[in-house]
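# Observations on the model geometry
Each chain, letter by letter, is given below.
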Amino acid sequence: MSGALAALGLCGYIAASCLLAYFFPQSALAFLAVQASLLLLYYVAAPRNVKVFLGAMLLLVLLPALGWMNGYYLEVAIQIGIYVALALGLNIVVGFVGLLNLGFVAFYAIGAYLWAIFGSPQANQFIPGGFFPLSANWFFLFLLLSIAVGALTGILLGLPVLRLRGDYLAIVTLGFAEVVRALVNNLDKPINLTNGPRGISPITKPPLFFEPLLEFAGLHIPSAKLYPLYFYFLVLFIVGVIILATQRLENSRIGRAWKAIREDETAAAAMGVPVVRMKLLGFAVGTSFASAVGVLFAAKQVFINPESFTFMESIGVLAMVILGGMGSIPGAILGAAGVTILNLQLLKGLSLWLNGLRQSGTELAIPLVGTFSLSQLPAQFEPAKYERMIFGLILIVMMIFRPQGVLPPEQERKK
Amino acid sequence: MALLELRGVSKRFGGLQALASVSLDLDDGMIASLIGPNGAGKTTLFNTLTGLYRPDEGEILFQERSLVGLKPERITAAGISRTFQNIRLFSHMTVLENVLVGMHARLQTSLPAILLDSSAFRSQEKVARSRAMELIELTGLSERASEWAQQLSYGDQRRLEIARALAAAPQLLLLDEPTAGMNTSEARSLMTLFQKLIGKYVKAILLIEHNMRVVMGISDRVHVLDYGEKIAEGHPDEVRRDVRVIEAYLGQGSWTHYAKS
């Protein structure tokens, strides 16, 4: 009975929030309400099939429909998806295996540059014959290839450094990320591999293999509208695969071995866990996720340069994992979504709102002090610029009051 | 034929001779105890046996195969598993998961099988889980199977260590002070458990123990270490009367006191 009631409430909430987002396309808050419905779905105790149905409706129908009206929604959703995938990958390394990796973004960069170089005229610089850019059809092959390349670089880095523990490992991974960035930045001579700081463009987008189907259905969608939707579903698919893979691994001998290593390496070895092999595997799985999303990122951005792969980016992804709750899949997803929404949506929205007030010259009446015209608000006061500061404050508050993260791993519920 | 044979095993840490040419035999079906004062080298012997340390000299034969130089996980796979003196459970994993980790070497599912959720993987998981539950029941932890290891009481944590060690399906079980911190009745119930294990779950048990009631109660053979040297070996009753053993525990000259009393 209460389950049916909860399901009804959920439906009502989702309908209301979608209507809000539809009628107030400029409002960051209305869209936030839509996003929050996914969180509600996770928490509310409704029958499982109802939850799955509503979640699918939201992700497969309602969100794309809203995004059709307002491309910004899709942009935010795609960014969230990319960060969710990165956070899930890092969660395996940091949350499951317990290896602090401060250079995760390096593997993201490797994936991105893999497709950027061969999916653009860039490769003509060092491979004669004018074969490049490769046609869009190669995209999916490169997506698969990037998994292998990511795993391989992960293992290559892992082999020498996994003997190190804790802080030492963190420093080496940090250094590795800087090496990758420096290489990408400087490999424009003697042979121009990466085009250095100028970056690479244009990068080929994924193939529109479903175009004949659309034409058959008589739909003519301009590519400016089609591509965001396409990327949205592509990201959704990749994130879905990653979540499924992570879940299965977590509940297998491999996932248990990872967590055992995190808890007590010596005891794990004594229980028959091949510590080095399992660590390498964890590293490889995490990095292959990152590099696969890198390919997608490059294709989406059309232009990439080393600026997208700075140390702060690594820290950002790590913060998502920590905020959400290390070692927890829902935690990593929530952390990534929360931080991305905060950066891309809330702070920007707040800045826009303040700017509006500033320009309209609204006056605030403050008791005892008098009136204060908001047009006098200094131009530097723009929340979007304080992203890092606000972010830092949130992290500090979290570490004091809930160091295990918002959704820490739970014990199995009793049956 | 001996299940385990140690021939002149030595281990030095800098100037400290932790083990000095220790030899020891352990036969099938036996419960043997390793006793000695603190710092005598008992745990060092366990660490050397399980591959955490590499002996400087000597030979370790398990079922006539040398274990020297093998990695810990190889030794576990060969059939020796252990518990730790200072409990080393996987605190943020459930009781069930802890036991399942012990089975790691016995489970052989490949990465693709796991990712594709193959039926072979599923059925193996199911078998592993039911076997784990059996061991959990054996050690009396059924009620707590889904709780985190860190939430267990001290005695239960010790029991979980034993269940986890048994999960590796060992032939030889090494127990490092299994009854430490337990009261008499808890210790007694563990003793019955150990006797139940022999033959059915393991071929032999070697335990380090300070509780003499346990040692004398269940050991078929007692080995005494002092300053890394084996000073005595034999039936519990013989060892109890051994002059060197009493001196090692109580100091020189105490033999006369003991004899008078």
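Just so we're clear, the structure is a prediction, and the values are computed from it rather than from any experiment.

A few words now on the overall build of chain A. Across its full length, chain A holds 15 helices and 2 strands. The dimensions of chain A, computed from C-alpha atoms along their principal axes, are 65 × 60 × 55 Å. The proportion of buried residues among the 415 residues of chain A is 42%.

What follows concerns the packing of helix α3 (residues 95–102) of chain B against helix α5 (residues 119–138) of chain B. Residue and element names in this part refer to chain B. It is at 9 Å that the axes of α3 and α5 come closest, and there the two elements cross at 110 degrees. In this view, α3 runs roughly perpendicular relative to α5, as classed from their interaxial angle. When you trace α3 past α5, the crossing you get is right-handed. Within the contact between the two elements, α3 uses Val95, Leu96, Val99 and Leu100 and α5 uses Ala128, Ala132, Leu135 and Ile136.

Turning our eyes to something else, we now look at the sheet that holds strand β5 (residues 65–66) of chain B. All names here are of chain B. Ordered in space as β2-β1-β4-β5, the 4 strands form an open sheet in which the pairing is antiparallel. With partners counted over all chains shown, the strands left at the sheet margins are β2 (16–27) and β5, one partner each. Here helix α1 (residues 42–49) sits on the sheet in contact with β1 (2–13), β2 and β4 (57–62), set at roughly 70 degrees to β2.

Residues and elements named next belong to chain B. With mixed pairing, the 6 strands of this open sheet are ordered in space as β6-β7-β8-β3-β9-β10. Two strands in the sheet have a free side with no partner beyond their single neighbour: β6 (80–82) and β10 (229–234). Between one strand axis and the next, the sheet turns through 20 degrees on average, direction left out of account. As defined by bridge partners, β6 adjoins strand β7 (residues 172–176) across 3 bridges and the pair is classed as parallel. What sits directly across from Ile80, in β7, is Leu172. Across the sheet, α1 lies against β3 (31–35), β6, β7, β8 (204–208) and β9 (221–226), angled at about 145 degrees from β7, the strand it touches most.

All names here are of chain B. As defined by bridge partners, β9 adjoins β10 across 5 bridges and the pair is classed as antiparallel. The residue bridging Leu225 from the neighbouring strand is Lys230, located in β10. Taking the residues that link successive antiparallel strands as the turn, the β9-β10 hairpin has 2 residues, and the phi of Tyr227 there is positive, at about 45 degrees.

All names here are of chain B. Under the domain assignment used here, chain B contains domain 1 (1–79 + 170–261) and domain 2 (91–168). Domain 1 and domain 2 are separated by 27 Å when their C-alpha centres are compared. Tallying the contact residues gives 11 residues for domain 1 and 8 residues for domain 2. Considering each element in turn, the side of domain 1 that touches domain 2 owes the most residues, 3 residues, to helix α2 (residues 72–78). A per-class count over the side of domain 1 that touches domain 2 returns 7 nonpolar, 2 polar and 2 charged.

This part is about the pairing of β7(B). Residues and elements named next belong to chain B. The element β7 is largely enclosed, with a buried count of 5 among its 5 residues. The side-chain alternation of β7 yields two buried faces, one formed by Leu172, Leu174 and Asp176 and the other by Leu173 and Leu175. Looking at chain direction, β7 and β8 are connected through 5 bridges and run parallel. Following the sheet pairing, Leu174 is matched in β8 by Leu206. Crossover handedness for the path β7 to helix α7 (residues 184–197) to β8: right-handed.

Residues and elements named next belong to chain B. Relative to the 20 Å expected for 14 residues at 1.5 Å per residue, helix α6 (residues 154–167) spans 20 Å between its end C-alpha atoms, a close match to the ideal helical length. Summarising burial for α6: 11 of the 14 residues are buried, a large majority. On its buried side, α6 packs onto β6, α3, α5 and β7. Where α6 ends, the next residue or the one after it, Ala169, has phi of about 50 degrees, a positive value.

Another point: the environment of Leu96(B). Its location among the elements puts Leu96(B) in helix α3. Between the alpha carbons of Leu96(B) and Tyr154(B) there is a distance of 17 Å; along the sequence they are 58 residues apart.

A rise of 1.5 Å per residue sets the reference length of helix α5 (residues 105–118) of chain A, with its 14 residues, at 20 Å; its end C-alpha atoms lie 20 Å apart and thus fit the reference within 8%. Most of α5(A) sits out of view: 13 of its 14 residues are buried.

Right, let's get into the domain arrangement of chain A. All names here are of chain A. According to the domain assignment, chain A contains domain 1 (1–69) and domain 2 (73–327). The straight-line distance from the C-alpha centre of domain 1 to that of domain 2 is 30 Å. Opposite the 6 residues of domain 1 that make contact, domain 2 presents 7 residues.

Attention now goes to the interface of chain A and chain B. Listed by partner, the interface residues are 24 residues for chain A and 30 residues for chain B. When residues of the side of chain A that touches chain B are traced back to their parent elements, those giving at least two are α9 (223–250), α10 (253–263) and α11 (265–270) of chain A. Among the elements that make up the side of chain A that touches chain B, the one with the highest residue count is α10(A) (7 residues).

Residues and elements named next belong to chain B. Relative to the helices and strands, Val9 is located in strand β1. Val9 sits in the buried class, given 24 other C-beta atoms within 10 Å. With 13 residues separating them in the primary sequence, Val9 and Val22 have C-alpha atoms 4.9 Å apart. With residues up to four places along the chain from it excluded, the contact list for Val9 reads Leu19, Val22, Thr48, Pro55, Gly58 and Ile60.

With that settled, the discussion passes to the nonpolar core. Residues and elements named next belong to chain A. If you look at the biggest cluster of nonpolar residues, it comprises 183 residues, and the most contacted ones within it are Ala87 and Val293. The greatest single-element share of this core, amounting to 18 residues, is contributed by helix α4 (residues 71–96). With near-sequence residues (within four places) excluded, Val293 lies in contact with Ile82, Ala85, Leu86, Tyr108, Gly111 and Ile238.

The rules behind the values
- Residues numbered from 1 in each chain as written.
- Chains lettered and ligands numbered in written order.
- Predicted model: local features only at pLDDT ≥ 70, side-chain atom pairs only at ≥ 80, totals over all residues.
- Helix = DSSP H or I, 4+ residues; strand = E, 2+ residues; numbered from the N terminus.
- Buried ≥ 20, exposed ≤ 12 C-beta atoms within 10 Å, placed from the backbone.
- Axes fitted to C-alpha atoms, helices over the stretch in contact; angles between N-to-C directions.
- Parallel < 35°, antiparallel > 145°, perpendicular 65-115°, else oblique.
- Left-handed = near helix turned anticlockwise from the far one by under 90°.
- Contact = placed C-beta atoms within 7 Å.
- Pairing = 2+ DSSP bridges.
- Domains from an automatic or database assignment.
- Nonpolar A, V, L, I, M, F, W, Y, C, P; charged D, E, K, R; others polar.
- Right-handed = clockwise from strand over helix to strand, strands pointing away.
- Expected span 1.5 Å × (residues − 1).
- Core = buried A, V, L, I, M, F, W, Y, C linked by C-beta atoms within 7 Å.

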